[in-house]
Structures are given as C-alpha cells and as structure tokens.
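Summary of structural features
Next come the chains, spelled out residue by residue.
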Amino acid sequence: MERLSILSEDQVRAVQREFGTPTFVYDQKALESQAQKALAFPNAYGLTVRYAMKACPSAGVIRILNRAGLHIDASSGFEIERAMRAMDLNGAGVPADQIQLTAQQLPDDSDLADLVRQGVLFNACSLHQLETYGRLFPGREVSVRVNPGLGSGHNNRTNTGGTAASFGIWHEHLDQMLATAAKYNLQITGLHSHIGSGSNPEVWQNCARLTLDVAAKLPEVQCVNLGGGFKIGRMADEVSTDLCEAGQPVADEFIRFAREHGRELHLEIEPGSFLVGNAGAIVCSVIDVVDTGQEGYSFIKVDSGMTEVLRPSMYGAQHPTVVVPATPEERGQDEYLIAGHCCESGDTLTPGSSDPEELVPRLLTEPRIGDAVFIGGSGAYCAGMAAKNYHSFPEAREVLLGTDGKFHELRRRQDPDQIVANESLPAQLRVQRIAQPVAQQVVQGHGRKNGQARHDHQPPSRRVAARPS
Ligand SMILES: *Cc1c(COP(=O)(O)O)cnc(C)c1O
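For the structure given in this document, a descriptive report is provided here. (Residues numbered from 1 in each chain as written. Predicted model: local features only at pLDDT ≥ 70, side-chain atom pairs only at ≥ 80, totals over all residues. Heavy atoms only, no water.)

Let's talk about the site of the ligand
K54, G229, E270, S273 and Y381 are the nearest of the 15 residues found near the ligand. G272 has a polar backbone atom sitting 2.9 Å from an oxygen atom of the ligand. The separation between an oxygen atom of the ligand and a polar main-chain atom of S273 is 2.8 Å. For the ligand, whose free accessible area comes to 380 Å², the fraction covered by protein is 91%. When the residues that make up the shell around the ligand are grouped by side-chain class, the tally is 3 nonpolar, 8 polar and 4 charged. (Near = heavy atom within 4 Å. Polar contact = N/O pair within 3.5 Å; in protein donor to acceptor, adjacent residues only side chain to side chain. Areas by Shrake-Rupley, 256 points an atom, 1.4 Å probe, with all protein chains shown as cover. Nonpolar A, V, L, I, M, F, W, Y, C, P; charged D, E, K, R; others polar.)

Shown next as structure tokens:
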C-alpha cells in the first residue's frame, strides 16, 4: 500500500472540505528543500540552476523557486510572459536576464526580438532557429542546443536525445552550425544538451563527456547546460536521483576539460520534475464504485483523472494513490483499479508501469462514495499538461500549503463562463432552425411530439441563462 506524503489524513480531509475537489496542493517546504538540493549540485567552476517551468507553470511555484535563487528555463514565448508576470509586491516578476528560451516553436520574429531586447537569453535548438536569431541579432552571443547522440529516458516518449529525438542540432551537423554562426558573426558561448530522464550517475557522466566533446570543438563556449531529467521516485519502490552522486562525476569531467583545454566552464542544470514532482498532490473524491463481476475488476471512480493527470494514460506513469475515508475509521483493504471521470477507457490512474495498455489493480482501503483520494507525485506535468476542459470539466483549483502550515489559494477553480468565454456564434447559426420533415423530428425527439422535441432545441445560451446560479 502506498502512503500519504506532504499531507496528513486530516489535511486531505480539510482540503476536500474547504476547497472542494479536485484540488492541487503544493507544499512550500518541499519546494524550497528541493531547490536547496539542486543548488548544491556538485560543480567545479560555478552553477546556475534553471527551473524548467513547463513542469508546473503556476505563478506561486515560480515565485517560490525564483526567490530561492533559481533562474528559469522557458519552453515558449508564452511561458516567458508567465514568468515575468509572477510578480512580487513591487511588481517585479522574474527578471528577463534570468530566463532562457529553449523552445521547439519560436515566438514570431517581432515578439522574439522584443524579448531578447529585454534581456531574455536564447538557446537555438535547430539550424533554422540559429539562422533566425542571427538574422535578428547579428554579432551577438548565443547558446546552442545539441543532440549529443545519446538518450536516457525510460521510453521513446520521454527520450530527448539519440536518433529518435528531434530536439537540438544533431552532433554531426556542427559544420553547418559553425557556418551559420560565421555568416551572422555569432559567438557560440553557451552549449546545451537535455537528453531525458535518468537517475544513473554513469549516464550523467556519459552525457557530460559527450557534451564536453562538442564544447572542445567550440572554442568560445563558456557555459555548458546539461538540461534536466533527474528522475524522481513517486512510488515507494522507485528511486530518486541522488544529485551528489550524479553530479560528482560531472564535476570531475569539467575539471578534466579545464586541464586539457584551459577553459573553466560554468555549469547549468535545469530540473523540472526533481523540483516540483513530489512537492505536489491532487486531492479528489470517490464518485462511484463499480465492478465487472467475478472474472472482472472492481473500479473506484474519482472526480479527476486525465483532466488533471495525463501521465498515467500517456506513459503508464505510476502515481501513489491513497483512499482517505471521509471520517476517520478502520476499514478493510482490497484490490481496485482507479478510473477517471472521462468517458475514455484510457482514463486510468492504475496502468501497468510504463505500459498504459495494461491495467494493474492496487491494494487500497475499501472506498465509499464521498471519500477523498490522494494522488501523490502530481506536482510536475499534471496541472500544466492535463486534458484541460475535456468533457467541459473546469480546470482544477491550485492551493499552496505554506510554511505557516496554512492553505493559500494559488488559482481558483475555472467557472463555466471561462470555459466558453472565447466562443462566439456567427449570426447565421443564431437564426431559427429550419423545420425538418415531421418523420425525422419524431425520431430525433425519441418519439415525443413535435412541440416537446422543439423545446429540446433551444439555443444552449438560453438554457444556461435560465439555470439558477
Ligand atoms: C522539460 C525540460 C526540462 C526538465 O525536464 P525534467 O525531466 O522535468 O527534469 C529541462 N530542460 C528542457 C530543455 C526541457 O525541455
């Protein structure tokens, strides 16, 4: 059986009662302690830690980590906007020069130029991106992302290096890269590689070595960024990366490089999961309990699922789940699958490990409708990545468990107006429906008389307006 983290049983019940479900909870203490661990990453000649904010782009989380001394890795122009808007009382968000853009899709030329003029750092992830930057800012310094030819993610969906990954400039295309840099008089002072999730120190050493081999061919490089991908254990039987262990051989490689090439390189890392993954959880509720007979399964249905946490459906990711009875009491245990609230058989919280096709029942406390369910390890790639508004379920609330021991709202729950706020109905759809032949109307109205069937076809806006709020 998995156990609670971050919250006690009483706190889970308090969240359920005070904020409703589903609600994300982030633990300030855990965020700050992970930030300290990342800042202690072994290094030879200086370290900058960037928070890969796509893991959890909530302004509250960005503020906590930036205040702890972390810079930002942004994966789109829109993320940069969000980081800059995570402001303190003086109206200061994350300073532009603490944000580096490493993106698959660049902002439009004029937006990109504007961001760079404000001080945002640019990491070119392809030859085309390098060309774009050179055209806009000839003669400047730039960082480049390379694919060093090695990946360490645990499957093809999380691997971000090697021949199957499209990220970064392939290490055999350095000549083209240098030609583009020369064409625009760019100085390549930063080198970046991010090869995916892993906890194995040998893989980190290998990655550092391959990246430094590239740095050896780029004489102006002063800073090497090894990306993120420090694996964290969410389940009791999974291991988390020991950063000291992963970092020591990396620091050794930098020292060796300095001896051989006379350059003392600054190190950057940019963790996402490591910082926020286990600092967040979802509190949801049991909405139904069903079974499929003696040969089948027992299912717990919850008021959450792929609308808040998509990782199990996408990668077969494992999240610890704990049933918390609505009032404290002793209960038996049994094996259950947990299903989300979407009409998708893939909306499951209990897939096989790394195999979303498989269903693996878990030993859980016997559930009753109305109990709370705690979904741990939900700080990273959940709130920011979920199937938002699928089934028109509103985006969930986010709260912070502060170091003062109190809960503070970070984002309220979306209300139904916000879901449809950007929709419009063209005039041609607002005109009265053209009457259909009588026979067809009867079929569509499930046998009701014309008058009743027509009642069902009121425009939705009128029905919403008539509903008591
Ligand atoms: C997503 C991402 C990260 C963070 O990855 P984690 O596995 O969450 O640590 C770091 N760098 C880049 C470029 C990324 O795209």
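Some details on the packing of aromatic side chains
One pass over the full model with this rule turns up 8 aromatic pairs. Relative to F407, the ring of F19 lies with its centre 6.2 Å away and its plane at 80°, an arrangement referred to as edge-to-face. On the criterion of sequence distance, the pair formed by F19 in helix α1 (residues 9–19) and F407 in strand β20 (residues 407–411) is long-range, its members being 388 residues apart. Here F19 and F407 have matching classes, each one buried. Judged by centre distance (5.6 Å) and plane angle (65°), the rings of F41 and F230 are edge-to-face. Of this pair, F41 sits in the loop between α2 (28–39) and β2 (47–52) while F230 sits in the loop between β9 (223–225) and α9 (243–261), placing them 189 residues apart in sequence. Across the pair, exposure class does not vary: F41 and F230 are buried alike. A network of ring pairs unites the aromatic residues F41, W204, F230 and F274 as a single cluster. (Phe/Tyr/Trp six-rings, centres within 6.5 Å; stacked < 30°, edge-to-face > 60°. Helix = DSSP H or I, 4+ residues; strand = E, 2+ residues; numbered from the N terminus. Buried < 20%, exposed > 50% of the residue type's maximum accessible area, 1.4 Å probe, protein only.)

Re the packing of α2 against helix α3 (residues 59–67)
Remark: α2 packs on α3, axes separated minimally by 9 Å, with the N-to-C direction vectors making an angle of 40°. The orientation of α2 relative to α3 falls into the category oblique. In this structure, α2 meets α3 at a crossing whose hand is right-handed. Across the interface between the two elements, Q28, L31, E32 and A35 from α2 touch V61, I64, L65 and R67 from α3. Considered class by class, the residues forming the contact of α2 with α3 number 5 nonpolar, 1 polar and 2 charged. (Axes fitted to C-alpha atoms, helices over the stretch in contact; angles between N-to-C directions. Parallel < 35°, antiparallel > 145°, perpendicular 65-115°, else oblique. Left-handed = near helix turned anticlockwise from the far one by under 90°. Contact = heavy atoms within 4.5 Å.)

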